[in-house]
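A closer look at the structure
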Amino acid sequence: MSETTTKAAIGSFDVTRVMAALPHRYPMLLVDRVERLVPDESITAIKAVTINEQFFQGHFPGRPIMPGVLIVEALAQAAGVLAVESLGLAGTGKLVYFMSIDDVKFRKPVEPGVLLRLEVSFVQKRARVCKFAGKALIDGDVAAECAFTAMIADPPAAA
């Protein structure tokens, strides 16, 4: 008989708690809230995409589209929150750095006025290196998806 254990989901939390987990700040903070986090498993977060975003001024005039690299960054930030919360590192100053990004696919443009749903799950978790799978969705449709690896590290020493 196999025994399965399910971690209790952490309820939603706002941008203040997101900022406690991540070092990012405006204009680079791309996670506005977390809807659901299951430690050691997955996270569902939201990025409210507004016309006020700085990148829309030049990408592209007349047809504003969120740059793909920022969609991937939003997924990585959601993964960072998942990793920090799962490993009990909130408030320690530890950083989550990209190591690799694989199999990126962009399926639908992300335009101002949407709520970008960020769904990220652990593929593999170790003390210092984690692998994730992520999808960014608009109204249930996949806008982008990727696999990526990140490293947990100390912040650089002050100069």
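Refer to the structure printed above.
I will try to describe carefully the structure that is included in this document. On a predicted model such as this, the values are computed, not experimentally measured, just so you know. (Residues numbered from 1 in each chain as written. Predicted model: local features only at pLDDT ≥ 70, side-chain atom pairs only at ≥ 80, totals over all residues. Heavy atoms only, no water.)

**Thoughts on the side chain of Glu-53**
Along the chain, the position of Glu-53 falls in the loop between strand 2 (42-48) and helix 2 (68-86). Given the relative accessible area of 10%, Glu-53 is considered buried. Apart from residues no more than four positions distant in its own chain, Glu-53 is found in contact with Lys-47 and Ala-48. (Helix = DSSP H or I, 4+ residues; strand = E, 2+ residues; numbered from the N terminus. Buried < 20%, exposed > 50% of the residue type's maximum accessible area, 1.4 Å probe, protein only. Contact = heavy atoms within 4.5 Å.)

**Overview of the pattern of salt bridges**
A side chain of one charge can pair with a side chain of the opposite charge when the charged atoms of the two come close. This model, assessed by the stated rule, comprises ten salt bridges. Residues Glu-35 and Arg-117 are paired through a salt bridge, measuring 2.9 Å at the closest nitrogen-oxygen approach. Of the two residues, Glu-35 is situated in strand 1 (residues 33-38) and Arg-117 in strand 4 (residues 115-125); the sequence distance between them amounts to 82 residues. Among the residues examined, Glu-35 registers a relative accessible area of 30% and is labelled partly exposed. When its relative accessible area of 32% is taken as the criterion, Arg-117 is described as partly exposed. We note a salt bridge from Glu-111 to Arg-63, for which the minimum N-O separation is 2.6 Å. Residue Glu-111 is found in the loop between strand 3 (95-106) and strand 4, and its partner Arg-63 is found in the loop between strand 2 and helix 2; the two are separated by 48 residues along the sequence. (Salt bridge = Lys/Arg side-chain N within 4 Å of Asp/Glu carboxyl O.)

**So, unusual backbone geometry**
Residue Pro-27 is reached from Tyr-26 by a cis peptide bond, and omega for that bond is 5°. In this fold, Pro-27 is placed in the loop between helix 1 (15-21) and strand 1. Here the residue pair His-59 and Phe-60 is connected by a cis peptide bond, since its omega of -5° sits within 30 degrees of zero. One non-glycine residue, Asp-40, adopts positive backbone phi at about 70°. The topology assignment puts Asp-40 in the loop between strand 1 and strand 2. Residue Asp-40 is classed as partly exposed on the basis of its relative accessible area of 24%. Unusually for a residue other than glycine, Asp-139 sits at a positive phi of about 50°.

**Some remarks on the packing of aromatic side chains**
When we look at a pair of aromatic rings, we describe it by the centre distance and by the angle of the planes. Throughout the structure, instances matching the rule amount to four aromatic pairs. Connected via pairs of aromatic rings, a cluster forms that spans Phe-98, Phe-122, Phe-132 and Phe-148. In this structure, Arg-17 is placed above the aromatic ring of Phe-13, and the distance from its NZ or CZ to the ring centre is 4.2 Å. (Phe/Tyr/Trp six-rings, centres within 6.5 Å; stacked < 30°, edge-to-face > 60°. Lys NZ or Arg CZ within 6 Å of the ring centre and 35° of its normal.)

**Section: the sheet that holds strand 4**
Ordered by their spatial adjacency, six strands build an open sheet running 1-2-4-5-6-3, and the pairing between neighbours is antiparallel. The strands lining the two open edges of the sheet, one partner per strand, are strand 1 and strand 3. Averaged over neighbouring strand pairs, the angle between their axes works out to 20° when direction is ignored. The sheet contact formed by strand 4 and strand 5 (residues 129-138) spans eight bridges and is antiparallel. For Gln-124, the partnering residue across the bridge sits in strand 5 and is Lys-131. (Pairing = 2+ DSSP bridges. Axes fitted to C-alpha atoms, helices over the stretch in contact; angles between N-to-C directions.)

**What to know about the environment of Lys-131**
Here Lys-131 shows up in strand 5. Residues Lys-131 and Ser-121, ten residues apart in the sequence, show an inter-C-alpha distance of 8.6 Å. If sequence neighbours within four positions are ignored, Lys-131 has contacts with Ser-121, Phe-122, Val-123, Gln-124, Phe-148 and Thr-149.

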